[in-house]
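Structural features, examined
As a plain string of letters, each chain reads:
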Amino acid sequence: MKTKHIITFFSFLILNSCIVKSLHPFYTKETLSFDASFIGKWEDQKKGKWNVISFKEAFFKDSKKKLNDLDKEDLRIYNKYKKGYYVEYTDSKKTALFIVMPFKINKQLFLD
């Protein structure tokens, strides 16, 4: 029984160290750059459909809450992603959802 606990403890310890934190992240709060012209419906060359809306719109879309009504956790999430986009990708086989953060480096726009 004691061996089982020791193995479990070391498993958690080893798996916990697998989270990689970047010393040089892609973007910082200062480099975030929201551009409303990116919002809309897009289609790629392989007939994939991309529906892009602002994260703010997606966040309040299904709830009747307003910014002042948010609890502490919802407010934290809102503040973290408020300059981002909510992207829905659909093709003939699947649908995928993304939260995309736009940022500029040397006047070049990137998405993460």
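Structure shown above.
First, a word on scope: everything that follows refers to the structure included in this document. The structure presented is a predicted model; accordingly, all values stated were derived computationally and were not measured.

This part is about the packing of aromatic side chains. Tallied over the entire structure, the rule returns 10 aromatic pairs. Ring geometry for Phe55 versus Tyr81: centroids 5.6 Å apart, planes at 55°, classification tilted. Linking Phe55 in helix H2 (residues 55-61) with Tyr81 in helix H3 (residues 72-81), this pair joins segments that are 26 residues apart in sequence. Residue classification places Phe55 among the buried positions, given a relative accessible area of 6%. With relative accessibility at 24%, the residue Tyr81 sits in the partly exposed group. Each ring, one from Phe60 and one from Tyr78, has its centre 5.5 Å from the other, and the planes form 55°; the classification is tilted. Here the residue Phe60 occupies a position in helix H2, and Tyr78 occupies one in helix H3, the gap between them amounting to 18 residues. Residue classification places Phe60 among the partly exposed positions, given a relative accessible area of 21%. Take Tyr78: its relative accessible area is 8%, and that puts it in the buried class.

Structurally, Ser33 is set in the loop between helix H1 (2-16) and strand E1 (40-43). Those residues in contact with Ser33 that sit more than four places away from it in its chain are Pro102, Phe103, Lys104 and Leu109.

Let's shift gears to the pairing of strand E5 (residues 102-105). Across four bridges, the pairing between E5 and strand E6 (residues 108-111) is antiparallel. Counted as the bridge partner of Ile105 is Gln108 from E6. The hairpin formed by E5 and E6 contains two residues between the paired strands, and Asn106 there has a positive phi angle of roughly 50°.

This next bit is on unusual backbone geometry. Among all residues save glycine, negative phi is the norm, and among peptide bonds the norm is trans. The phi torsion at Lys47 lies on the positive side, around 65°, for a residue other than glycine. With respect to the element layout, Lys47 can be found in the loop between E1 and strand E2 (49-54). With a phi close to 50°, Asn106 is a non-glycine residue in the positive phi region. As for its placement among the helices and strands, Asn106 is situated in the loop between E5 and E6. Assessed through its relative accessible area of 72%, Asn106 is described here as exposed.

Here is what the cut-offs are and how they apply
Residues numbered from 1 in each chain as written. Predicted model: local features only at pLDDT ≥ 70, side-chain atom pairs only at ≥ 80, totals over all residues. Heavy atoms only, no water. Phe/Tyr/Trp six-rings, centres within 6.5 Å; stacked < 30°, edge-to-face > 60°. Helix = DSSP H or I, 4+ residues; strand = E, 2+ residues; numbered from the N terminus. Buried < 20%, exposed > 50% of the residue type's maximum accessible area, 1.4 Å probe, protein only. Contact = heavy atoms within 4.5 Å. Pairing = 2+ DSSP bridges.

This is a description of form; function is not addressed.
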